[in-house]
Every structure is written in C-alpha cells, then in structure tokens.
Amino acid sequence: MAEQQEQQDAAAPTADDALGYEHARDALLDVVRQLENGGKSLEESLALWERGEQLAKVCQRWLDGARARLDAALAAEEGGAPQGE
C-alpha cells in the first residue's frame, strides 16, 4: 500500500516540474551553499535537505530526458543512414 502511494506521489506533477534545468540546478546550488554555511536549526536544515532532494530529482529528470533524446537521435541516424556510404 505504501509503495503504491510512493509511485503516485512520484508521478504527480509538482510546481518544480515547471522549472527548467538551469533554474533547478541554480536553486540546488543555493540550497547546498546554505547547508554548508551552517548556522541553521535542525528543522531548517531538514527542510533545506528535503528541498535539495526535490531539486535534484528535477535535474535528474531533465538529464534523463536529454539522454533519451540523444539516444533516439543517434538511433535514428544509425537506422536511417544508407549502408556503404
């Protein structure tokens, strides 16, 4: 039951899904800087960590999508090129 909920949560669109890769990456870098600087309460640090995890997932989805597009373009190029040329 919990696994099904996790899958639904992972598939549900969030506001972060609208972020571009560069924006999500920059926001993630800001979270990392804040965590590295310290001085935050435990609750603030946990919230920042959770935000960082969300942003990292957004970045990974962008990178996975880019890899899939590259793989598809390479496969089409290989499949569409005449043999012997």
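For the structure itself, look to the data block above.
Residues numbered from 1 in each chain as written. Predicted model: local features only at pLDDT ≥ 70, side-chain atom pairs only at ≥ 80, totals over all residues. Heavy atoms only, no water.

Peer 1: Can you help me understand the overall build of the protein chain in this one?
Peer 2: Along the backbone of the protein chain there are three helices and zero strands. For the protein chain, the succession of helices and strands along the chain, N to C, is α-α-α. Looking at the protein chain residue by residue over its 85 residues, the buried ones come to 11%. Sequence separation of 24 or more characterises 70% of the internal contacts of the protein chain that already satisfy a separation of 6 or more. In the form shown here, the protein chain has an accessible surface area of approximately 7000 Å², with 54% of it arising from carbon and sulfur atoms. (Helix = DSSP H or I, 4+ residues; strand = E, 2+ residues; numbered from the N terminus. Buried < 20%, exposed > 50% of the residue type's maximum accessible area, 1.4 Å probe, protein only. Contact = heavy atoms within 4.5 Å. Areas by Shrake-Rupley, 256 points an atom, 1.4 Å probe, with all protein chains shown as cover.)

Peer 1: Just to check I follow, could you spell out the nonpolar core for this structure?
Peer 2: Side chains of a nonpolar character, in soluble globular proteins, are inclined to be buried together. Formed by Leu 19, Ala 24, Val 31, Leu 48, Leu 55, Val 58 and Cys 59, the largest nonpolar core amounts to seven residues. Mapped by element, the contributors of at least two residues to this core are helix H2 (21–37) and helix H3 (42–80). If one sorts the elements of this core by residue count, H3 sits on top with four residues. If near-sequence neighbours (up to four positions away) are discounted, Leu 48 is found in contact with Val 31, Gln 34, Leu 35 and Lys 40. (Core = buried A, V, L, I, M, F, W, Y, C linked by side-chain atoms within 4.5 Å.)

Peer 1: Would you explain H2 in this entry?
Peer 2: If you check H2, its first and last C-alpha atoms are 24 Å apart, about what 17 residues at 1.5 Å a residue would give, namely 24 Å. Gly 38, located one to two residues past H2, shows a positive phi value of around 70 degrees. (Expected span 1.5 Å × (residues − 1).)

Peer 1: Would you take a moment to explain the environment of Cys 59 for this structure?
Peer 2: Mapped onto the secondary structure, Cys 59 falls in helix H3. By relative accessible area, Cys 59 is classed as buried at 7%. Each C-alpha atom, one on Cys 59 and one on Tyr 21, is 5.6 Å from the other, the two residues being 38 residues apart in sequence. The residues touching Cys 59, leaving out its near neighbours within four places in the chain, are Tyr 21, Ala 24 and Arg 25.

Peer 1: Looking at this structure, I do not really get the pattern of salt bridges. What am I missing?
Peer 2: It is possible for side chains of opposite charge to pair when their charged atoms get near one another. Within this structure, the stated rule accounts for two salt bridges. Measuring nitrogen to oxygen at the nearest pair gives 3.5 Å for the salt bridge that ties Arg 67 to Asp 71. Of this pair, Arg 67 and Asp 71 are both found in helix H3, four residues apart, which corresponds to roughly one turn of the helix. By relative accessible area, which is 39% here, Asp 71 ends up partly exposed. (Salt bridge = Lys/Arg side-chain N within 4 Å of Asp/Glu carboxyl O.)

Peer 1: Looking at this structure, I do not really get the environment of Ala 47. What am I missing?
Peer 2: On the secondary structure map, Ala 47 appears in helix H3. In the structure, Ala 47 is positioned 16 residues away from Val 31 in sequence and 9.9 Å away in space, judged by C-alpha atoms.

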